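Secondary and tertiary structure notes
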Amino acid sequence: MTKTLTKNFIVLGIISVISLYLLIVPAHHSQEFLWFHLLLEFFSVAVAYSIAIQGWTIYRLTYSQKRLWVGASFLSVALFELFHTITFSNIIMTASNELIHLSSWFWLLARISAAIGIVLYLTLSDTKLTDQKGRLIYPGALLTSIIFIIAVLIWGQSLPALNRDVETSGVFHDIVDHSFFLLYAGMFIAVVQKYMTTKKQPYLTILFSLLFINLSDIILTMVINPSHNLIFLGHIYRALAYYFLLKAIFFQSDDSIENMVEQKDNDHLTGLPNRLLFKQKIQEQMRDHPQEATAVMSFDIDRFKKINDVLGHEKGDLILKEVVKKIKKILPQEMTLSRLGGDEFALLVPYISKTSLINLANNIIRELKKPVNLSNYEFELEINIGIACYPFDAKTPDDLIKNAGIAMLYGKKTNQPYTFFKQFMIDETQEKALIEQHLRKALEHNELSLVYQPQVNLKSKDIISMEALLRWDHKHLGSIPPGKFIPVAEESGLIIDIGKWVLRQACQQLHKWHSVGMTSLEVSVNISIRQFSQPDFVLYVKQIINETRIAPNKLTLEITESMTMDYESAIPILERLKQMGIKIAIDDFGTGYSSLSYLKKLPIDYLKIDRSFIQDIEKDADSCSIVETIISMAKHLKVEVIAEGIESREQLNLLLKKGCDHVQGFYLSKPLVPEKFKQQIEYIYKKII
Ligand code: C2E
Ligand code: MG
Ligand code: MG
């Protein structure tokens, strides 16, 4: 016999002794006894209430619908019993017949709710509820109970009598009582059968509960005098019935509870282990096979957010399920796939060779590439896999998962299907994080400044424009090149504020130059893609122009090819800028993927040939012919050409010969702080001649 069973029988024994005593000892009919009765009633309310509380607490752990429903039923039991007790307490004071009547109706409602709770416990399957549905059940039960309580309080007097001491109660009362008796007896038999076949402890405890609830019902309905000894017994039985129920449902180890808790460690949607369980599995693998290399592969689905936005979350969920199905199909059994969250997945791979890891990664990528059909769309899912291995890349499950993630991000950036983690990636990530952290304060701390590089017209030999280039001097980190911090600013969104600052600063500088007589000078400002796609971009450009009182046709905005790829949305923006008189340059031209013909559609003024073509224009025939083609095409399109990165006289001469319009580069001038510009002008002019 198990320990709990022994305890149950001890409780049963004590109760039997008390019962016998109460049966033998003559009845007290004192007022004190009534108060004691009342106390017992409150005790039953407390036990019913704890079933409700437990139901909710366990639900938060297991999402078990069965326990939630039982808990909700007992919330009603507790409320009805409470009203029964309150109205009953008035009986002690006033002994009014009306209150006795109401009290007996609340008592009936409590019995019905308890019976519903027990029936639900025995019949409901133990599936998981979603959080959303689960949250509604308790308030639902509360509302229903309140409606019933109000109904009884208002219309209770017109309901048939239930207490036996009222003459008229006869038939209705008998039907109610017999029904409960039969219901509990039937349940008792069913549970005995269940217990015989399953031998599960909770069923035995439920049997005690059913036994006591039936005994309590019999006593409390048969005995009329509220201060009779047996009433006292009836209430003890009732509290015991609830107690056994509480124990059976919540405190006894039952497979389904364990299953549920296990499911809690699994992801709701896919049934895969979640991050917590995944970490445990890695830990176990490390502990059990410390000498073996264990790999974690990490991946997420490219453009998943877009799929979710376009098709909705339900379809997104279906895709995630499909991903799991596909991967599981090709996954050896000893490997654990986990959903870390969202569209992030990770795979725990016990020791296999590097070649096998690569094969596995390729198989997963290939499998996911096979089209998935959903809502008439065909999807090819693309992923990049990051791989980190214990013990070389990390010593803890957390670090292993993190480093696999870093490798994945690196792979995405460098366009590799799978990437093994390397320490430099973490350095790069840390450096980025550091830059971002300090960049947030850079504007506030006045660490940013602009330098200007002249662009010279080869025909007129005049400086036509100054390109504003951003500089960041950090107190401790020193000077950080734009190539390093601009991508971080873009990724983090900081470029929006920084970009506005640059534009305002450059326009103010232009205004200063104009006011000292250099009225033909123009300024060029680099615009990042993030700024360009801001809905209020054109508006704030306009505001800054007005604010700094410059002529819009003295401002050139440098954008890159990639910003114009989606020309359906780029063209209207460019056109609005052009209408204001602003000029547009395509920066770093030739490095993008765009076809030359698309340029025809864009309202632009300049093409800036990327430095990489100019660099070896004298030596490399290919670069030379590319530059030639760009220049002739630009002429055809009536767009002027600016060659970037001129570092020598030879390059300048060659470009002059090829008909290039403007040049910019170290040969003429490095980017200058504005104060130095004036004294450099003479030197620049000498170089052009
Ligand atoms: P970019 O717009 O193509 O700017 C030209 C870059 O080439 C500048 O680098 C300039 O210093 C450099 N350069 C000019 N002539 C020569 C030369 O003869 N030889 C060599 N080796 N380099 C030359 P910088 O200032 O480091 O800027 C790099 C990039 O950072 C810029 O390329 C631009 O894309 C971005 N950037 C700079 N300032 C800003 C800004 O205010 N906003 C945005 N969004 N991007 C900016
Ligand atoms: Mg530029
Ligand atoms: Mg450039």
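Residues numbered from 1 in each chain as written. Chains lettered and ligands numbered in written order. Predicted model: local features only at pLDDT ≥ 70, side-chain atom pairs only at ≥ 80, totals over all residues. Heavy atoms only, no water.

Quick look at the coordination of the magnesium ion (ligand 2)
Where we set the bar: For Na, K and Ca the donor cut-off is 3.2 Å, while for other metals it is 2.8 Å, and in both cases only N, O and S atoms qualify; water is not among them, so sites may look incomplete.
The protein atoms donating to the magnesium ion (ligand 2) are Glu 467 (OE), Asn 526 (OD1), Glu 558 (OE) and Asp 587 (OD), with metal-donor distances spanning 2.0 to 2.2 Å. Donor residues for the magnesium ion (ligand 2), ordered by position in the chain, follow E-x58-N-x31-E-x28-D.

Observations regarding the environment of Ile 364
Applicable threshold: Secondary structure elements are taken from DSSP: a helix is a run of H or I of four residues or more, a strand is a run of E of two residues or more, and numbering for both begins at the N terminus. Note on definitions: a residue-residue contact is assigned when non-hydrogen atoms from the two residues lie within 4.5 Å.
On the secondary structure map, Ile 364 appears in helix H13 (residues 354-369). If sequence neighbours within four positions are ignored, Ile 364 has contacts with Met 297, Ile 327, Ile 330, Leu 347, Ile 383 and Ile 385.

Structural notes on the nonpolar core
Convention followed: Only buried residues count toward a nonpolar core. Its members are Ala, Val, Leu, Ile, Met, Phe, Trp, Tyr and Cys residues joined through side-chain atoms within 4.5 Å. Only protein chains enter the area calculation, which uses a 1.4 Å probe; residues under 20% of their type maximum are buried, those over 50% are exposed, and those in between are partly exposed.
Of all hydrophobic cores here, the largest spans 85 residues; its most connected members are Phe 537, Leu 555 and Leu 607. Ranked by the residues each element gives to this core, the list is headed by helix H17 (residues 495-515), at nine residues. Filtering out sequence-adjacent residues up to four positions away, Leu 607 remains in contact with Ile 586, Phe 589, Leu 599, Ile 630, Met 633, Ala 634, Val 639, Glu 640, Val 641 and Ile 642. If you look at the next biggest cluster of nonpolar residues, it comprises 58 residues, including Ala 78, Tyr 195, Phe 208 and Ile 236.

Describing the site of ligand 1
Quick reminder of the rule: Being near a molecule or strand, for a residue, comes down to having at least one heavy atom within 4 Å of it. As used in this structure description, the phrase polar contact means that two N or O atoms lie within 3.5 Å; if the pair is within protein, one of them must be able to donate a hydrogen and the other to accept it, and residues adjacent in sequence are counted only when both atoms belong to side chains. Per-residue and other accessible areas follow the Shrake-Rupley method at a 1.4 Å probe size, with only the shown protein chains counted as cover for residues.
Residues in contact with ligand 1 amount to 22 residues; listed here are only the nearest, Asn 526, Asp 587, Arg 611, Glu 647 and Phe 666. At 2.9 Å from an oxygen atom of ligand 1 is found a side-chain nitrogen or oxygen belonging to Glu 467. Separating a nitrogen atom of ligand 1 from a side-chain N or O atom of Glu 647 is a distance of 2.5 Å. For ligand 1, whose accessible area on its own is 790 Å², the fraction buried by protein is 82%. At the level of secondary structure, the elements contributing two or more residues to the shell around ligand 1 comprise strand E9 (463-474), helix H16 (482-492) and strand E13 (583-589). Residue contributions to the shell around ligand 1 peak at four residues, all from E9.

A few points about a nonpolar patch on the surface
Applicable threshold: In this analysis, a patch consists of residues with relative accessible area above 30% that form no salt bridge, clustered at 9 Å for like charges and at 5 Å for the nonpolar side chains Val, Leu, Ile, Met, Phe, Trp and Tyr. Salt bridge, as applied in this entry: a Lys or Arg side-chain nitrogen positioned within 4 Å of an Asp or Glu carboxyl oxygen.
Residues Leu 142, Ile 146, Ile 150, Leu 153, Ile 154 and Trp 155 make up a contiguous nonpolar surface patch of about 580 Å² in total accessible area. Locating Ile 154 in the fold gives a position in helix H5 (residues 131-155). With relative accessibility at 54%, the residue Ile 154 sits in the exposed group.

A closer look at the pairing of strand E2 (residues 336-341)
In summary, the side chains of a regular strand alternate between the two faces of the sheet. As a reminder, the rule being used: Strand pairing follows a simple DSSP-based rule, namely that at least 2 bridges must link the two strands.
Of all six residues making up E2, five are buried, and the element is well covered by its neighbours. Bridge analysis of E2 against strand E3 (residues 344-349) gives five bridges, and the strand direction is antiparallel. Counterpart to Thr 336 in the pairing with E3 is Leu 348. Between the antiparallel neighbours E2 and E3 lie two residues, among them Gly 342 with a positive phi of about 50°.

Some words on the packing of aromatic side chains
The condition is simple: Any pair of Phe, Tyr and Trp rings, taking the six-membered ring for Trp, is counted once the centres come within 6.5 Å. Such a pair is stacked with planes under 30 degrees apart, edge-to-face with planes over 60 apart, and tilted for the rest. The rule for a charge over a ring is simple: NZ of Lys or CZ of Arg within 6 Å of the ring centre, and within 35 degrees of the ring normal.
By the definition in use, this model includes 15 aromatic pairs. Seen in terms of ring centroids, Tyr 410 and Phe 424 are 5.3 Å apart; in terms of plane orientation they differ by 85°. Their pairing is edge-to-face. Separated by 14 residues along the polypeptide, Tyr 410 in helix H14 (residues 397-414) and Phe 424 in helix H15 (residues 423-442) bring together distant segments of the chain. Linked through ring pairs, Phe 208, Phe 212, Tyr 237, Tyr 243 and Phe 244 together constitute an aromatic cluster. Of note, Lys 354 hangs over the ring of Phe 420, and the distance from its end group to the ring centre comes to 4.6 Å.

Some remarks on the confidence of the model for the chain
The criterion, for reference: Confidence scores labelled pLDDT are given residue by residue by the predictor and lie between 0 and 100.
Of all residues in the chain, 88% have pLDDT values of 70 or greater, and the mean over the chain is 85. Summarising per-element confidence for the chain, the mean pLDDT is lowest in helix H9 (residues 255-264) (48) and highest in strand E11 (residues 522-526) (98).

What about the coordination of the magnesium ion (ligand 3)?
Protein coordination of the magnesium ion (ligand 3) is provided by Asp 587 (OD), Asp 588 (OD), Glu 644 (OE) and Glu 644 (OE), with donor distances spanning 2.0 to 2.5 Å. Donor residues for the magnesium ion (ligand 3) sit on one chain with the sequence pattern D-D-x55-E. Separating the magnesium ion (ligand 3) from the magnesium ion (ligand 2) is a gap of 4.1 Å, bridged by Asp 587, which donates to each.

Considering the pattern of salt bridges
Any two side chains of opposite charge can pair, on the condition that their charged atoms come close. Applying the stated criterion across every chain yields a total of 24 salt bridges. For Asp 288, the salt bridge identified is with Arg 287, shortest N-O distance 3.2 Å. Exposure remark for Asp 288: the relative accessible area of 46% places this residue in the partly exposed category. The exposed category is assigned to Arg 287, whose relative accessible area is 58%.

As for the packing of H15 against H16
Defined as follows: Lines are fitted to the C-alpha atoms to define the axes, a helix being fitted only along its stretch in contact, and any angle between axes, read from their N-to-C directions, falls within 0 to 180 degrees. Angle categories: roughly parallel below 35 degrees, roughly antiparallel above 145, roughly perpendicular from 65 to 115, and oblique for all the rest. Following the grouping adopted for this structure description, the nonpolar residues are Ala, Val, Leu, Ile, Met, Phe, Trp, Tyr, Cys and Pro, the charged ones are Asp, Glu, Lys and Arg, and the polar ones are all others, Gly among them.
The N-to-C vectors of H15 and H16 enclose an angle of 75°; their axes lie 10 Å apart at closest approach. Between H15 and H16, the angle is such that the two are roughly perpendicular. When H15 is examined against H16, the residues Glu 431, Lys 432, Ile 435, Glu 436, Leu 439 and Arg 440 are found in contact with a partner set consisting of Lys 484, Phe 485, Val 488, Ala 489, Glu 491 and Ser 492. In the contact of H15 with H16, the residues fall into five nonpolar, one polar and six charged.

Some remarks on the packing of H17 against helix H19 (residues 537-548)
Put simply, the rule reads: A crossing counts as left-handed when the near helix is turned anticlockwise from the far one by less than a right angle, and as right-handed when that turn is clockwise.
Interaxial distance between H17 and H19 falls to 9 Å at its minimum, and their mutual angle equals 30°. Taken as axis vectors, H17 and H19 run roughly parallel relative to one another. The handedness of the crossing between H17 and H19 comes out as right-handed. Of the residues in H19, those touching H17 at Ile 496, Lys 500, Leu 503, Arg 504, Cys 507, Gln 508 and His 511 are Tyr 540, Val 541, Ile 544, Glu 547 and Thr 548.

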